[in-house]
Amino acid sequence: MSAEKKDYLLVDENGQGKPDKPWIFRTYAGHTNAKASNELYRKNLSKGQTGLSIAFDLPTQCGYSSDHEVSRPEIGKVGVPINSLEDFRILFDQIPIEEMNTSMTINGTSMWLLSLYVALAEERGVPLEKLNGTTQNDLIKEYLARGTYIYPPKDSMKIIVDMYEYCLHNIPKWNPSNICSYHLQEAGATPVQELSFALATAIAVLDAIKERNCFTADEFEQCVGRISFFVNAGIRFVEEMCKMRAFSEMWEEITTERYNVKTAKYRVFRYGVQVNSLGLTEEQPENNAWRILIEALGVTLSRKARCRALQLPAWNEALSLPRPWDQQWSLRLQQVLAYETDLLEYPDIFEGSKVIEGKVKALKEEAKLEIQKILDMGGALVAIENGYMKSQLVKSQTERLSKINSNELVIVGKNKWTDGIKSPLMTDSDGGIFKVDPKSAEQTLSVLAEAKGRRNAELAKKSLEDLKQAAKEGKNLMPYSIACAKALVTTGEWADALREVYGEYNPPTGVDGQKLFLSDDKVATVRGKVEAFTKAHGHRPKIVVGKPGLDGHSNGAEMIAVSAKHSGFDVIYSGIRLSPEEIVQSAVEENANVIGLSILSGSHKEIAKQLFDELAHYKAKIPVVIGGIIPESDFEELKKMGIREIFTPKDYDLMSIMNKIIDIISVEPALV
Amino acid sequence: MIDSTETLSELVSEALLGEKFPIAKIISKIETENNLEFRESLFREIQSQKPNAKDGLTIGITGTPGAGKSSLLGELCRLFLDFAPDKKMAIVAIDPSSNVSGGSILGDRTRVTLPRRDTRIYFRSQPSQLELGGLNPYTYHVIRFLRKIFDYVFIETVGIGQNEISVSLVSDISFLVMQPLGGDQVQFMKSGIMEVPEAFIINKCDEESLANSSFYMLQSTLEFIKDILSDQSLPPIFKTSVTKRKGIEELLHYILHYSKRKDKNAETMTQLRQWIRNEYGRFGMRIWEKLESKSWNQAVRLSLSGGIHKMDYETEEKKFVSLIQKQVIHDE
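Residues numbered from 1 in each chain as written. Chains lettered and ligands numbered in written order. Predicted model: local features only at pLDDT ≥ 70, side-chain atom pairs only at ≥ 80, totals over all residues. Heavy atoms only, no water.

Per an unreviewed UniProt entry, chain B goes by the name Putative periplasmic kinase and belongs to Leptospira biflexa serovar Patoc.

Per an unreviewed UniProt entry, chain A goes by Methylmalonyl-CoA mutase and derives from Leptospira biflexa serovar Patoc. UniProt, in the comment section headed Cofactor (unreviewed entry), describes chain A in these words: "adenosylcob(III)alamin". (UniProt positions renumbered as here; feature names shortened; annotations may be inferred.)

**Details of the overall build of chain A**
Scanning chain A for helices and strands turns up 25 helices and 15 strands. The C-alpha radius of gyration computed for chain A amounts to 25 Å, which stays within 12% of the reference 26 Å derived for 672 residues, consistent with globular compactness. Structurally, chain A occupies a C-alpha span of about 85 × 65 × 55 Å along its principal axes. When each of the 672 residues of chain A is scored for burial, the buried share is 63%. Considering only intrachain contacts with a sequence separation of at least 6, the fraction spanning at least 24 residues in chain A is 79%. A total of about 25800 Å² of accessible surface is found on chain A, and carbon and sulfur atoms cover 53% of it. (Helix = DSSP H or I, 4+ residues; strand = E, 2+ residues; numbered from the N terminus. Rg over C-alpha atoms; globule rule 2.2 N^0.38 Å. Buried < 20%, exposed > 50% of the residue type's maximum accessible area, 1.4 Å probe, protein only. Contact = heavy atoms within 4.5 Å. Areas by Shrake-Rupley, 256 points an atom, 1.4 Å probe, with all protein chains shown as cover.)

**Some thoughts on the overall build of chain B**
Scanning chain B from N- to C-terminus turns up 12 helices and eight strands. Taking all 332 residues of chain B together, 55% fall into the buried category. For chain B, the proportion of contacts with a sequence separation of at least 24, taken over those separated by at least 6, is 74%. Accessible surface, chain B as shown: approximately 15100 Å² in total, 51% of it carbon and sulfur.

**A word on the interface of chain B and chain A**
Taken together, the contact pairs 37 residues of chain B with 42 residues of chain A. When chain B packs against chain A, close to 3400 Å² is buried across both sides, 50% of that on carbon and sulfur atoms. In this assembly, chain B and chain A are joined by three salt bridges. Here Glu614(A) ties to Arg117(B) by a salt bridge, and the two come within 2.8 Å at their closest N and O atoms. Put simply, the parts of the chain that give the side of chain B that touches chain A at least two residues each are α2 (20–30), β3 (104–106) and β4 (121–127) of chain B. The residue inventory of the side of chain B that touches chain A, partitioned by class, reads 13 nonpolar, 12 polar and 12 charged. Bridge count between strand β12 (residues 570–573) of chain A and β3(B): three bridges; the pairing is parallel. Counted as the bridge partner of Val571(A) is Ile105(B) from β3(B). (Buried area = accessible area lost by both parts, 1.4 Å probe. Salt bridge = Lys/Arg side-chain N within 4 Å of Asp/Glu carboxyl O. Nonpolar A, V, L, I, M, F, W, Y, C, P; charged D, E, K, R; others polar. Pairing = 2+ DSSP bridges.)

**Observations regarding the domain arrangement of chain A**
Residues and elements named next belong to chain A. Once the domains are mapped, chain A shows domain 1 (24–386 + 421–426) and domain 2 (521–666). On a C-alpha basis, the centres of domain 1 and domain 2 stand 33 Å from each other. Joining domain 1 to domain 2, the criterion identifies one salt bridge. With a shortest N-O distance of 3.2 Å, Lys77 and Glu606 are connected by a salt bridge. (Domains from an automatic or database assignment.)

**Some words on the environment of Pro115(B)**
Structurally, Pro115(B) can be placed in the loop between β3 and β4. The spatial distance from the C-alpha of Pro115(B) to the C-alpha of Glu289(B) is 50 Å, given a sequence separation of 174 residues. Ignoring anything within four residues of it in the chain, the contact list for Pro115(B) reads Gln585(A) and Leu81(B).

**A few points about helix α1 (residues 34–46) of chain A**
Residue and element names in this part refer to chain A. For α1, with 13 residues, the first-to-last C-alpha span of 18 Å sits near the 18 Å given by 1.5 Å per residue. Along α1, the residues that are buried comprise Ala34, Ser37, Asn38, Leu40, Tyr41 and Asn44. Down the axis of α1, the buried set is contained in an arc of 165 degrees. They therefore lie on one face. Turned more than 90 degrees from where α1 packs its buried face, Lys43 and Ser46 sit exposed. Each element contacted by the buried residues of α1 is listed here: β2 (28–29), β3 (52–55), α3 (85–91) and α12 (324–340). Looking one or two residues beyond α1, the residue adopting positive phi is Gly48, at roughly 105 degrees. (Expected span 1.5 Å × (residues − 1). Arc of directions from axis to C-beta.)

**Side note on the sheet that holds strand β6 (residues 173–178) of chain B**
Strand pairing within a sheet occurs via backbone hydrogen bonds; the two strands may be parallel or antiparallel. Residue and element names in this part refer to chain B. Strands sit in the order β4-β2-β5-β1-β6-β7-β8 across an open sheet of seven strands; the sheet is parallel. Pairing within the sheet leaves two strands with one partner each, and these edge strands are β4 and β8 (237–239). Neighbour to neighbour, the strand axes of the sheet diverge by 20 degrees on average, direction disregarded. In this sheet, β6 lies alongside strand β1 (residues 57–63) in parallel orientation, the contact comprising five bridges. Within the sheet, the bridge partner assigned to Gly63 lies in β6 and is Val177. Where helix α4 (residues 69–83) meets the sheet, it contacts β1, β2 (89–95), β4, β5 (152–158), β6 and β7 (199–202), and its direction lies at approximately 165 degrees from that of β5. Against the sheet, helix α9 (residues 248–256) makes contact with β1, β5, β6, β7 and β8, and its axis sits at roughly 165 degrees relative to β6, the strand it touches most. (Axes fitted to C-alpha atoms, helices over the stretch in contact; angles between N-to-C directions.)

**As for the pattern of salt bridges**
Residues and elements named next belong to chain B. Per the counting criterion, the structure on display carries 63 salt bridges over all chains. One salt bridge in this structure joins Glu75 and Arg245, with 3.5 Å as the shortest N-O distance. Within this pair, whereas Glu75 is found in helix α4, its partner Arg245 is found in the loop between β8 and α9, the two being separated by 170 residues in sequence. Judged by its relative accessible area of 8%, Glu75 falls in the buried class.

**A few points about the sheet that holds strand β7 (residues 178–180) of chain A**
Residues and elements named next belong to chain A. One open sheet accounts for five strands, arranged β1-β10-β9-β8-β7; its pairing is parallel. Whereas interior strands pair on both sides, the edge strands pair on one side only; in this sheet they are β1 (24–26) and β7. For this sheet the average axis-to-axis angle between neighbouring strands, irrespective of direction, equals 25 degrees. On top of the sheet, α12 reaches β1 and β10 (309–311); it is set at about 165 degrees to β1, its chief contact.

**Some details on a nonpolar patch on the surface**
All names here are of chain A. Judged by side-chain polarity, Ile235, Phe237, Val238, Trp290 and Ile294 come together as a nonpolar surface patch covering roughly 460 Å² of accessible area. Within the residue set of the nonpolar patch, elements represented by two or more residues are α10 (237–257) and α11 (287–298). Topologically, Trp290 is positioned in helix α11. (Patch = residues over 30% accessible without salt bridge, like charges linked within 9 Å, V, L, I, M, F, W, Y side chains within 5 Å.)

**Quick notes on the nonpolar core**
Ranked by internal contacts, the top residues of the largest apolar core, which has 116 residues, are Phe229(A), Trp251(A), Tyr271(A), Met389(A) and Phe569(A). Per element, the largest residue contribution to this core is 13 residues, and it comes from helix α8 (residues 191–212) of chain A. Shared between two domains, this core holds at least three residues of each, these being domain 1 (24–386 + 421–426) and domain 2 (521–666) of chain A. When sequence neighbours within four positions are dropped, the list of residues in contact with Phe569(A) reads Val530(A), Pro541(A), Lys542(A), Ile543(A), Ala564(A), Met658(A), Ile661(A), Ile662(A), Ile665(A), Gly103(B) and Ser104(B). Grouped together as the second largest cluster of nonpolar side chains are 69 residues, Ala592(A), Phe612(A), Phe38(B) and Ile143(B) included. (Core = buried A, V, L, I, M, F, W, Y, C linked by side-chain atoms within 4.5 Å.)

**Some details on the domain arrangement of chain B**
Residue and element names in this part refer to chain B. What the domain assignment lists for chain B is domain 1 (1–53), domain 2 (54–257) and domain 3 (264–331). Contacts between the two partners involve four residues from domain 1, matched on the other side by four residues from domain 3. For the pairing of domain 1 and domain 3, the buried interface totals around 440 Å² over both sides, and the portion due to carbon and sulfur atoms is 53%. Considering only the side of domain 1, the residues that lose the most area to domain 3 are Leu36, Arg39 and Glu40, jointly responsible for 88% of the buried surface there. The interface formed by domain 1 and domain 3 contains three salt bridges.

**Description of the packing of α10(A) against helix α13 (residues 354–377) of chain A**
Helix packing geometry: the angle between the two helix axes and the distance between the axes. Residues and elements named next belong to chain A. Running from N to C, α10 and α13 point in directions that differ by 60 degrees, and their axes come no closer than 8 Å. On the basis of the axis angle, α10 is oblique to α13. For α10 against α13, the interelement crossing comes out right-handed. Side by side, α10 and α13 meet where Val238, Glu239, Met241, Cys242, Lys243, Arg245, Ala246, Glu249, Met250 and Glu253 of the first sit next to Ile356, Lys359, Val360, Leu363, Lys364, Ala367, Lys368 and Ile371 of the second. Of the residues belonging to the contact of α10 with α13, the class tally is 10 nonpolar, no polar and eight charged. (Parallel < 35°, antiparallel > 145°, perpendicular 65-115°, else oblique. Left-handed = near helix turned anticlockwise from the far one by under 90°.)

**Quick look at the packing of aromatic side chains**
In this structure the tally under the stated criterion is 31 aromatic pairs over all chains. Between Phe88(A) and Phe92(A) the ring centres are 5.2 Å apart and the planes differ by 80 degrees, which places this aromatic pair in the edge-to-face class. Taking the relative accessible area as the measure of exposure, Phe88(A) reaches 0% and is therefore buried. Through pairs of rings, three or more aromatic residues link up here, namely Phe229(A), Phe247(A), Trp251(A), Phe269(A) and Tyr271(A). Taking NZ or CZ as reference, Lys25(B) lies 4.4 Å from the ring centre of Phe21(B), over its face. We note Lys29(B) situated over the ring of Phe38(B); from NZ or CZ to the ring centre the distance is 5.8 Å. (Phe/Tyr/Trp six-rings, centres within 6.5 Å; stacked < 30°, edge-to-face > 60°. Lys NZ or Arg CZ within 6 Å of the ring centre and 35° of its normal.)

**With respect to the pairing of strand β13 (residues 594–599) of chain A**
Residues and elements named next belong to chain A. In terms of burial, β13 is a largely internal element, six of the six residues being buried. Burial along β13 is two-sided: the face carrying Val594, Gly596 and Ser598 and the face carrying Ile595, Leu597 and Ile599 are both buried. In terms of strand pairing, strand β11 (residues 542–546) meets β13 through four bridges, oriented parallel. Bridge assignment links Ile543 to a residue of β13, and that residue is Val594. Pairing geometry for β13 and strand β14 (residues 624–628), over five bridges, is parallel. Paired with Gly596 across the strands is Val625, a residue of β14. The parallel pair β13 and β14 is bridged by helix α23 (residues 604–617), and the resulting crossover is right-handed. (Right-handed = clockwise from strand over helix to strand, strands pointing away.)

Below you can see the structure in the form of structure tokens.
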């Protein structure tokens, strides 16, 4: 090897070419039940996947066992249901957890899931020091974007700090939480918002750890070193790459200046990525394959800010859960990128670029101002509780949507070049989408019933009492949770015990004071119809916007609420996690003219049925419309039940939706 | 919606039983423009079906945005279900309407969770419809209707400055909800608002010391103006925290045992006068004053036995409207 080659190639100490090790390849997976997910994981690992990323179903995420009434429509829908240690035994059957790097996308119940993992390891005789992985556990983004929180912010933060304390002493390679700005971008965050909200969250976590004062200075440094991030990479890949570089630089600055971390390796910004799903389109879904590739480039091209782990969505995720083949296709993309190209052979290829430097600097400056604003407010927890962050996100999201509406933001196949040949990928007998077998929940329920029947009831009861007592006394809950796990306590029981002590959180909705930037003629048309309605009926049209079930992605519902207000409706919106009974009760008490449901978890059929049953109880004939990720194959059944109109991501034009709704209720009989 | 097959008498009898949908339909009708005739027949119908219908206590809850009023109400509801098993309550929550579209987002229900199909608590949202004073033009009539069915009728309004006055005029007791050390004290002293509410709530008292210092601050402020308060005694101050579940039982207890009622005739007169001012301006007020001075109007308030006769709003409104019409014709 000649000496000058060293300047532009990665070499080892002997001057031999030595490319970087690739990042960890993951696919975010889990569905149906523990057994089916176990089979899926083993298949994925045999295909060359190098880490596990577990998706849990909504009841598990929200702290309900599968036999709770609110769980029923959701079991196994968007992830695997985990009720007790028994399910973990099945889930990791024949998988050597000591060799895995396991990422668990779990937040409100992350302490519980980690306890189950620990209990499993101890049962198998695996030393805890060998466990490697991450519990997502970023509650702040749950309050902001995803909705699977349980307890109030301060109590949730206390649980996170408990986990840091426990992990540092017992599972040193575990990341107890990872600051997750991924969902913020999904909820509409700009790069500056992603940077500032994520870093402010990390500051909140570290400040809370510092405040507990449970670590020596060295241990605290290690703790800082355990903070990892989970970010989103969007389609504007130059900007996204600069965002990643800004993240690294700012984290270095914060850990040095605010926390005085002396060891360089503990100041490294470590992050995993799932690329953006928000920008994936239901229209011409095959285009998503290219989007995913470009988004992956943003977080891999730049060596200085290359991700540690990557998971890519599947091309058809805007339609439904991906099939195993779709996930395999995404994995192959990563393998092509890492093993076929020369990407890993070079040092940072953007070093010295004026464009990149300038952009990074600009992002950093803006993000710093925003972080200061949040800190001045009292930090991330305060900015959650007073609704500031949420309203900022809803604002960005509505701006983004209005840009799509006005074609200012081009989305190929959606608002430009919309005519095309239908994709042959969609013509398979399964229609190109995956559906969970509705009968599969039975297996989960029988495992649960069996585990409950078999366990030592006294021991389970006592361990729950101990957990509650420890929570009241402010003790570290980890050991008590692990004891619960070993006693075969269930997810719902664990969460309920803490609900009793901490209560449940009910956050601001983020709909206040929002404005939409919608084109005037469409708004004028709808407002005209609203005025006509008001004249005919003597009062404004009233809509109940309902978000039933456990799916917490409330942005769609919130945007409908804001557009309805903007059109002149009186809107009743009460946030997430409502039962169909509660929604009907609101509509009845308020004498609403229409109910609009937003459901993204795939439980629309079950929920619609419950809703119509409840309307029948009150003898209320209130028209119902529904929006969400709803496959066309379900349309007929929903309409038969009585749903008047169905909106899917294709219907992104808010005023067209409002126009249809006002038309529906305008032909209803007027008040006598 | 009231469909044509239902008669008013059916609706009223179901509503008096506490059925939610009929109550809701009647309220929508009250909230409709030109509703005088409907109100007349509604209250006539109620009177004939249930001459001794309830006259629920009306509780006004007001305060600046962010003081935690809805969460407080949510917690009150939760406790109410346990502590007053044979009583019923209704809530009317008023949120502001948009200046641009006239629409509104009514989010106060968020904090109130009820057991499934329970009829002991009824919750209704109302847009303010850009009226000054925090109440909607129909609020008063809705409250009068709800009083006939419920033991307690709560009205929640967002109040900034002078708005608190409106809600206290239609309530038997009104609470001003504040946050600890919110800077509210000085503001309220300036606006003279401290004289209006019958009781105060310092909410969000999650921390003992902060709560206490706010309590004493408010107390000393009130002592200053004691001389001009209605009965010249210090109004009660409650310290509450929803997250810590503190002080709300005491507050509920106070409300459940509150026995004083404000003079309903005075209330009717005030509301009528306010309506006339809104509807007919100074011209209307001139006619009203003429009407008030006439002996026949005085007569309805004093019954033959010498006691106070209860004024009927709709009758008085009608009387006034016909007088206006005569006056207009006369003017022409």
